[in-house]
2 protein chains.
Amino acid sequence: MSSIPHRSIDIDANRLWDSLMQMAEVGPSPNGGSRRLAMTPEDADGRRLLLDWVEALGCTWQRDKAGNLFIRRAGREDHLPPVSMGSHLDTQPLGGRFDGVLGVLAGLEVLRSLHDNAITTRRPLSLIVWTNEEGSRFAPAMGGSGVWTGRLDEATFFGASDSKGVTLGEAIAACGEAGDLALGEPELDAYFELHIEQGPVLEEQGHPLGIVTGVQGIRWYDLSLRGQSAHAGPTPMSYRRDPLLAATAMIQRMREVVMADPDGAARLTVGDFQVVEPSRNVVPGEVRLLLDLRHVSDERLDALDAELERLARDAADAEGVELTFERRWHSPVTPFDDALIDSLREAVKARELDAPCMMSGAGHDAVHLSHVTPTVMIFVPCRDGISHNEAEYAEPEHCALGTQLLCDAVLARAERD
Amino acid sequence: MSSIPHRSIDIDANRLWDSLMQMAEVGPSPNGGSRRLAMTPEDADGRRLLLDWVEALGCTWQRDKAGNLFIRRAGREDHLPPVSMGSHLDTQPLGGRFDGVLGVLAGLEVLRSLHDNAITTRRPLSLIVWTNEEGSRFAPAMGGSGVWTGRLDEATFFGASDSKGVTLGEAIAACGEAGDLALGEPELDAYFELHIEQGPVLEEQGHPLGIVTGVQGIRWYDLSLRGQSAHAGPTPMSYRRDPLLAATAMIQRMREVVMADPDGAARLTVGDFQVVEPSRNVVPGEVRLLLDLRHVSDERLDALDAELERLARDAADAEGVELTFERRWHSPVTPFDDALIDSLREAVKARELDAPCMMSGAGHDAVHLSHVTPTVMIFVPCRDGISHNEAEYAEPEHCALGTQLLCDAVLARAERD
């Protein structure tokens, strides 16, 4: 159990909002969002603005060769590992003002509030800006935190190239964003990340905050079903081997399984359904599906995985079509740190706030961090669950509450015995 | 009731097969099929070969401005309207040796057999080669018979352009295939068309022939279902408005309706199922479907049409997505001529053959002809139901039986009082 901080301080909601709006003007997009693709001049400008702000607070900073930026506020016992906060400043091509940015500028607001109150925490603090979280210009996403934690190999990270053939390594150098800090340094005491939910649950349920206890497991599948292409007219239904009908049958049955999940936590997405050589009056010869299956429990995911394959084989057999069932990728359920979750619960209670525990459906830098340091996340609602979109919006009040919760929990963590 | 011909003659199966194989060498395709796209030099060469053969029999010929070719064999009462046979010589880009060609060369074999037996029929005979039946180079298909019967307007027919911008009118002129005969001339006494089935039923049921009593009704639909695109991860199933799940539910329910058809004659084809802006881990925002619905009864088609729309609306409502339901095109059930059907039945009986009555699923020039003259078709099986493919194949025995039936019925029709 963490202890309640001896003293709690209040963050400045207006200053936080002003910073968010100022940052949004760095690389503004046509319809009120931001465009700061990873390691472009706009991304570097955003980092520079942040550094101007933190330098004014007397913070120091370092970068590693991946361009990850570590801002440091000294502690009373400055040799101890820092308590860290962080997220990312890069955006989608037509991105919003909050995804990633909120977590970084909430950390800035924590540093500013401590500065205003002349508080030096027992442990030092670190505010981290991870490189290329979005993955839009360079795949994969969450690259900076991945390579820093050793969960993504350096060749993949630095060698990733954009649509013009520029590698991420080249882009980091061109932006002057490479530094001397070793990957994996400094050792962290804990990692806190505040983020917009990017889903509809908090808004729909009327909660201003959520304590994120972990990240769902994800499994990706490529399916191909191959039957016999035939003329629509002369071929009676009973003579057909129609892979499209097999695919729709499989999807409907799997949907029933997912909807009947005891936890209500199973998620099935058919992101693509492609007819090979489509023609209105020809029975398709082949269809290809891309599926995404998620759950908060690996055991349930195992069961859903087996059920998906069984239903796919049954549907293919019933229709007399051939099935190729490929498991493309998976990410196991990632639990966050119990002590940090408890510290957030206590801070919520102390402030008399309303913040249910929930699992994240999306990936975040925090997933990588959780493998090397105690980690937790805080969610705030975003309007209509929309993100990766210029229309992305979070209420000023929610941004402020999330930042206050971050501040309280970080202070408690930094001060603990 | 037609009368049995006073004398019946036997066609020459080997000569028929030799002619089919010779014609296939005009515009040969790489894997044993034919490539005679409409109004190309290969198409003109095929027509020229046919004309060489019929001129040797003393037949005359004329063309109309659409390039439809009318070969004429004089009758004893030569002022009477001719009894006609016909089909087409143009093929798909990688077409087979039988689709269309069989009907034309069977007509040739009838003319040759009459010539061998020194028979002059009471009525004159006509062998017709229709322009651009396939529709591969110039849309729509069945163009020559369409414009000749007045069911396709001349502007659409002559103005249709190929992928290089050449119009069908220009191509007809370039091939020297335009003639002086007026569209709609000559008046016909009857029209017989022998064709491969292009479906699996005769082969699967072991029949060497089929008497075609009409053509199925066809209805085409364009459906769009629009929900809310969302991240696969953070969006619980209950918050989604997933148009793909609505579409698959609708298809499965409609499939059940079609499979339960009392006549076993309903046919549902979803020829395309397109996710707009597909991405594996994004709930689709929109899916678009192209559907083809067929039945041998217009009343049943009306009922199926209403059921399709109801199921689509129900599925859309259940998922909270918007539906656009467009009826794009329809072709009513086309019944063929009862007297001609009877004449075929009698000829089948006289020869002790096995030829069930059946409806055609595909469109043919005979559909247009049926609106202006008594019309009927004969089907022969094709291997595995495959056509529009170089592998298309019909057994020599079946080609010969179909041609014999054509000969018997045409002779009876031409001789009748």
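Residues numbered from 1 in each chain as written. Chains lettered and ligands numbered in written order. Predicted model: local features only at pLDDT ≥ 70, side-chain atom pairs only at ≥ 80, totals over all residues. Heavy atoms only, no water.

## Focus: the sheet that holds strand β12 (residues 322–331) of chain B
By definition, the strands of a sheet pair up through backbone hydrogen bonds, in either a parallel or an antiparallel sense.
Residue and element names in this part refer to chain B.
Inference 1: Strand order in the open sheet made by the four strands is β9-β11-β7-β12, with antiparallel pairing throughout. Edge positions in the open sheet fall to β9 (267–275) and β12, since each of these has one partner strand only. On average, each strand axis in the sheet is inclined to that of its neighbour by 15°, with strand direction left out of account.
Inference 2: With respect to the sheet, helix α8 (residues 243–259) is in contact with β7 (217–226), β9 and β11 (286–295), its orientation differing from that of β9 by roughly 170°. (Pairing = 2+ DSSP bridges. Helix = DSSP H or I, 4+ residues; strand = E, 2+ residues; numbered from the N terminus. Axes fitted to C-alpha atoms, helices over the stretch in contact; angles between N-to-C directions. Contact = heavy atoms within 4.5 Å.)

## Looking at the interface of chain B and chain A
Inference 1: Taken residue by residue, the interface counts 56 residues in chain B and 56 residues in chain A.
Inference 2: A per-residue breakdown of the area chain B buries against chain A is headed by Met237(B), Tyr239(B) and Arg280(B), which together make up 17% of the total.
Inference 3: Run the count over chain B and chain A and you get four salt bridges.
Inference 4: Note that Asp222(B) is salt-bridged to Arg280(A), the shortest N-O span being 2.9 Å.
Inference 5: On inspection of chain B and its partner chain A, the count reaches 21 residue pairs in polar contact (both at pLDDT 80 or more).
Inference 6: Sorting the residues of the side of chain B that touches chain A by element identifies α7 (201–205), β7, α8, β9, β10 (282–283) and β11 of chain B as the ones contributing at least two each.
Inference 7: Residue composition of the side of chain B that touches chain A, by class: 27 nonpolar, 17 polar and twelve charged. (Buried area = accessible area lost by both parts, 1.4 Å probe. Salt bridge = Lys/Arg side-chain N within 4 Å of Asp/Glu carboxyl O. Polar contact = N/O pair within 3.5 Å; in protein donor to acceptor, adjacent residues only side chain to side chain. Nonpolar A, V, L, I, M, F, W, Y, C, P; charged D, E, K, R; others polar.)

## Some thoughts on the packing of helix α1 (residues 13–24) of chain A against helix α12 (residues 396–415) of chain A
All names here are of chain A.
Inference 1: Running from N to C, α1 and α12 point in directions that differ by 110°, and their axes come no closer than 9 Å. The orientation of α1 relative to α12 falls into the category roughly perpendicular. α1 and α12 meet at a crossing whose hand is right-handed. Two secondary-structure elements touch here, α1 through Ala13, Leu16, Trp17 and Leu20 and α12 through Pro396, Cys399, Ala400 and Thr403. (Parallel < 35°, antiparallel > 145°, perpendicular 65-115°, else oblique. Left-handed = near helix turned anticlockwise from the far one by under 90°.)

## Topic: the relation of the copies chain B and chain A
These two copies of the chain differ by a rotation about an axis and a displacement along the same axis.
Inference 1: Overlaying chain B with chain A gives an RMSD of 0.2 Å, the required rotation being 179° about an axis along which the chain moves by 0.1 Å. The symmetry that links the two subunits is that of a two-fold axis. Closest approach to the rotation axis within chain B is made by the C-alpha atom of Thr248(B), at a distance of 2.5 Å.
Inference 2: A share of 100% of the interface residues of chain B reappears at the interface of chain A, consistent with the copies meeting face to face through the same patch. (Least-squares fit on C-alpha atoms with pLDDT ≥ 70 in both.)

## A few points about the UniProt feature "domain: Peptidase M20 dimerisation" (unreviewed entry) in chain A
Inference 1: Under the local residue numbering, the UniProt record ascribes the feature "domain: Peptidase M20 dimerisation" (unreviewed entry) to residues 214–316 of chain A.
Inference 2: Taken as a whole, residues 214–316 of chain A contains 35% helix and 34% strand, while its terminal C-alpha atoms sit 36 Å from one another. (UniProt positions renumbered as here; feature names shortened; annotations may be inferred.)

## Focus: the pairing of strand β3 (residues 83–87) of chain B
Successive side chains on a regular strand alternate, one facing one side of the sheet and the next facing the other.
Residues and elements named next belong to chain B.
Inference 1: For β3, a buried count of five out of five residues is recorded, marking the element as mostly surrounded by other parts of the structure.
Inference 2: Because side chains alternate across β3, one face comprises the buried residues Val83, Met85 and Ser87, and the other comprises Ser84 and Gly86, equally buried.
Inference 3: Where β3 lies against strand β4 (residues 125–129), five bridges are found, and the strand directions are parallel. Residue pairing for β4: Ser84 is matched across the bridge by Ser126.
Inference 4: Traced from β3 through helix α3 (residues 101–116) to β4, the parallel crossover comes out right-handed. (Buried < 20%, exposed > 50% of the residue type's maximum accessible area, 1.4 Å probe, protein only. Right-handed = clockwise from strand over helix to strand, strands pointing away.)

## Side note on α8(B)
Residues and elements named next belong to chain B.
Inference 1: In a regular helix each residue adds 1.5 Å, so 17 residues correspond to 24 Å; α8 covers 24 Å between its end C-alpha atoms and thus fits that length.
Inference 2: Among the 17 residues that make up α8, 13 are buried, leaving the element largely enclosed by the rest of the structure.
Inference 3: For α8, the N-terminal cap is Asp242; the gap from its side-chain oxygen to the backbone nitrogen of Leu244 is 2.8 Å. (Expected span 1.5 Å × (residues − 1).)

## Points about unusual backbone geometry
Inference 1: Omega for the peptide link from Ala139(A) to Pro140(A) comes to 0°, which places this bond in the cis form.
Inference 2: Looking at the secondary structure, you find Pro140(A) in the loop between β4 (125–129) and α4 (143–148).
Inference 3: In this structure, the amide linkage connecting Glu185(A) to the following residue, Pro186(A), adopts the cis form with an omega of -10°.
Inference 4: You can see Pro186(A) is positioned in the loop between α6 (168–174) and β5 (190–196).
Inference 5: With a phi close to 55°, Glu352(B) is a non-glycine residue in the positive phi region.
Inference 6: Tracing the backbone through its elements, the reader meets Glu352(B) in the loop between α10 (338–350) and β14 (357–360).

## A short note on the environment of Gly75(A)
Residues and elements named next belong to chain A.
Inference 1: Position of Gly75 among the secondary structure elements: in the loop between β2 (69–73) and β3 (83–87).
Inference 2: According to the relative accessible area criterion, Gly75 is buried, its value standing at 11%.
Inference 3: Distance from Gly75 to Ile378, taken between C-alpha atoms, is 24 Å for residues 303 residues apart in sequence.

## Looking at the sheet that holds strand β9 (residues 267–275) of chain A
Residues and elements named next belong to chain A.
Inference 1: Read from one edge of the open sheet, four strands run β9-β11-β7-β12, paired in antiparallel fashion. Only two strands of the sheet have a single neighbouring strand rather than two, namely β9 and β12 (322–331). Adjacent strand axes in the sheet meet at a mean angle of 15° when their direction is disregarded.
Inference 2: In this sheet, strand β11 (residues 286–295) lies alongside β9 in antiparallel orientation, the contact comprising eight bridges. Paired with Leu268 across the strands is Leu293, a residue of β11.
Inference 3: On the sheet, helix α8 (residues 243–259) packs against β7 (217–226), β9 and β11 and is oriented at approximately 170° with respect to β9.
Inference 4: Lying on the sheet, helix α9 (residues 298–319) is in contact with β7, β11 and β12; it crosses β7 at an angle near 5°.

## Some thoughts on helix α12 (residues 396–415) of chain B
Inference 1: Over its 20 residues, α12(B) runs 28 Å from end to end, which matches the ideal 28 Å to within 8%, given 1.5 Å per residue.
Inference 2: Of all the 20 residues making up α12(B), 16 are buried; the element is thus mostly covered by neighbouring parts of the structure.

## Remarks on the pattern of salt bridges
Inference 1: Counting across every chain of the model gives 67 salt bridges over all chains.
Inference 2: With its nearest N and O atoms 3.7 Å apart, the salt bridge here joins Arg123(B) to Asp189(B). Separated by 66 residues along the polypeptide, Arg123(B) in the loop between α3 and β4 and Asp189(B) in the loop between α6 (168–174) and β5 (190–196) bring together distant segments of the chain. Of the two residues examined, Arg123(B) and Asp189(B), each falls in the buried class.
Inference 3: Taking the shortest distance from any N to any O, the salt bridge between Asp305(B) and Arg219(B) comes out at 4.0 Å. Note that Asp305(B) is positioned in helix α9 (residues 298–319) and Arg219(B) in strand β7, a separation of 86 residues in sequence.
Inference 4: Ionic contacts of the salt-bridge type, sharing partners, join the residues Arg219(A), Asp302(A), Asp305(A), Glu309(A), Arg313(A) and Arg327(A) into one network.

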